[in-house]
Amino acid sequence: AVVSTQSTGAAGQQEVLMGNIAVYTTVCATSSGFVYFFLSVVLRKKVPEPGDLSNGMLAGLVCSTSGCSVIEPYYGIVIGGVGGAVVMMVSKLLNRLRIDDVVDAVAVHLGCGVWSAISAPFFANTNTKVGENSPLYSCGILTGCKDGWKYLGSNMLITLLTIIYVTVIIAPTCFILRQCRILRIKVESERHGVDMVEFEGPAYSNDIKSRRTKMFNDVKNPSPRIGEVNRNCDGV
């Protein structure tokens, strides 16, 4: 329901926006998780594991961050749904590019973070709650705001600067760690699995038997592909 608080003062406006944030965030997570589940069944032909499904819902939470205080909750169905598709596509792209991201951190936080920044200027709409003279006022391209394109440009610029900043900081750090030979785990740990080596057990209970079987098989018959990958990477 649309609630007008133009006559209740700043305190009333903030209370309404706090409720808006809570509902919108929940809707985004739910929608994203549903879309991720649906795409997993249709495209991957399997029901996603709990960890993967959690990533789908986490993607929705990331999608909600940029505009949680300026977007109506019902728009969260669209924004969260697109986020569920984004995390799936980015994850598949990284696999195709042979970039190792076992927890899909890039897909969730970078992919959905960029989508969050782009979506907010399109769907922002708080004029029904706070009024145009309020410092909390915001509106977007799809809600009839003439400044929506300016907000989009600002968000895209901030996103680009953030990517540049992180790259400048992280790239030298990773280079130093690689030169010190502490960036990667040992080959044996990589072959057996970090879960088994560091914690003496797999991370997922439904995969205990298969992981242990694979570990013992790898010890007896090391995979030539793993050895080849490690030899190629030693000189990187």
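**Q** Looking at this structure, I do not really get the overall build of the chain. What am I missing?
**A** Of regular secondary structure, the chain possesses ten helices and zero strands. Taken across its 236 residues, the chain has 34% of its residues classed as buried. Summarising the internal contacts of the chain: among those between residues at least 6 apart in sequence, 66% fall at separations of at least 24. If you sum the accessible surface of the chain, you get close to 14800 Å²; carbon and sulfur atoms cover 64% of it.

**Q** Just to check I follow, could you spell out the packing of helix α4 (residues 105-123) against helix α6 (residues 148-179) for this structure?
**A** Between two packed helices, what matters for the description is the angle formed by their axes and the separation of those axes. Where α4 meets α6, the axes come as close as 7 Å, and the angle between the chain directions of the two elements is 160°. Here α6 runs roughly antiparallel to α4, going by the angle between their axes. Note on packing geometry: the crossing formed by α4 with α6 is right-handed. Where α4 abuts α6, its residues Leu110, Val114, Ala117, Ile118, Ala120, Pro121 and Phe122 lie against Gly148, Tyr151, Leu152, Asn155, Thr159 and Ile163. Considered class by class, the residues forming the contact of α4 with α6 number ten nonpolar, three polar and no charged.

**Q** Can you walk me through unusual backbone geometry in this structure?
**A** Trans peptide bonds make up the majority, and among non-glycine residues the majority have a negative phi. Although it is not a glycine, aspartate 104 adopts a positive phi angle of roughly 55°. Along the chain, the position of aspartate 104 falls in the loop between α3 (76-96) and α4. Look at arginine 181: it is not a glycine, yet its phi comes out positive at around 60°. Mapped onto the elements, arginine 181 comes out in the loop between α6 and α7 (187-192).

**Q** Help me understand the nonpolar core, please; the structure alone is not making it clear to me.
**A** The nonpolar side chains of soluble globular proteins are, as a tendency, buried together. Of all hydrophobic cores here, the largest spans 24 residues; its most connected members are Tyr24, Ile71, Ile79, Val87 and Cys112. Residue assignment for this core shows that the elements contributing at least two residues are α1 (9-43), α2 (50-64), α3 and α4.

**Q** Just to check I follow, could you spell out the side chain of aspartate 101 for this structure?
**A** Considering the arrangement of structural elements, one finds aspartate 101 in the loop between α3 and α4. Its relative accessible area of 16% is what places aspartate 101 among the buried residues. Within polar-contact distance, the side chain of aspartate 101 engages the backbone nitrogen of valine 106 at 2.8 Å. Discounting chain neighbours no more than four positions away, the residues touching aspartate 101 are Leu94, Val106 and Ala107.

**Q** Explain a nonpolar patch on the surface to me, please; I cannot follow it from the model alone.
**A** Together, Leu157, Leu160, Leu161, Ile164, Tyr165, Val166, Val168, Ile169 and Ile170 make up a nonpolar patch on the protein surface, roughly 850 Å² of accessible area in all. Inspection of the secondary structure assignment puts isoleucine 169 in helix α6.

What counts, and where the lines are drawn
- Residue numbers run consecutively from 1 along every chain, following the written order of its sequence.
- Side-chain atom pairs in this predicted model are given and counted only at pLDDT of 80 or more, local residue features only at pLDDT of at least 70, and totals for whole chains, interfaces and linings cover all residues.
- As a convention, hydrogens and water are excluded, and side-chain values are obtained from all of the structure's heavy atoms.
- Starting at the N terminus, helices and strands are each numbered in turn, a helix being any DSSP run of H or I of at least four residues and a strand any DSSP run of E of at least two.
- Note on exposure labels: buried denotes an accessible area under 20% of the residue type's maximum, exposed denotes more than 50%, and partly exposed covers the range between, all computed with a 1.4 Å probe on protein chains only.
- Residue contacts are counted whenever heavy atoms from the two residues lie within 4.5 Å of one another.
- Accessibility throughout is a Shrake-Rupley quantity obtained with a 1.4 Å probe, and a residue counts as covered only by protein chains that appear here.
- Lines fitted to C-alpha atoms define the axes, with helix axes restricted to the stretch in contact, and inter-axis angles between N-to-C directions lie between 0 and 180 degrees.
- Should an angle fall under 35 degrees it is taken as roughly parallel, and over 145 as roughly antiparallel, whereas 65 to 115 is taken as roughly perpendicular and any remaining angle as oblique.
- Rotating anticlockwise by less than a right angle from the far helix to the near helix defines a left-handed crossing, while the corresponding clockwise rotation defines a right-handed one.
- Ten residue types, Ala, Val, Leu, Ile, Met, Phe, Trp, Tyr, Cys and Pro, are classed as nonpolar, four, Asp, Glu, Lys and Arg, as charged, and the remainder, Gly among them, as polar.
- Only buried residues count toward a nonpolar core, which is a set of Ala, Val, Leu, Ile, Met, Phe, Trp, Tyr and Cys residues joined through side-chain atoms within 4.5 Å.
- Pairs of N or O atoms within 3.5 Å make up the polar contacts considered here, provided that, within protein, one atom can donate a hydrogen while the other can accept it, and that residues adjacent in sequence are counted only when both atoms are side-chain atoms.
- In this analysis, a patch consists of residues with relative accessible area above 30% that form no salt bridge, clustered at 9 Å for like charges and at 5 Å for the nonpolar side chains Val, Leu, Ile, Met, Phe, Trp and Tyr.
- We count a salt bridge whenever a side-chain nitrogen from Lys or Arg sits within 4 Å of a carboxyl oxygen from Asp or Glu.

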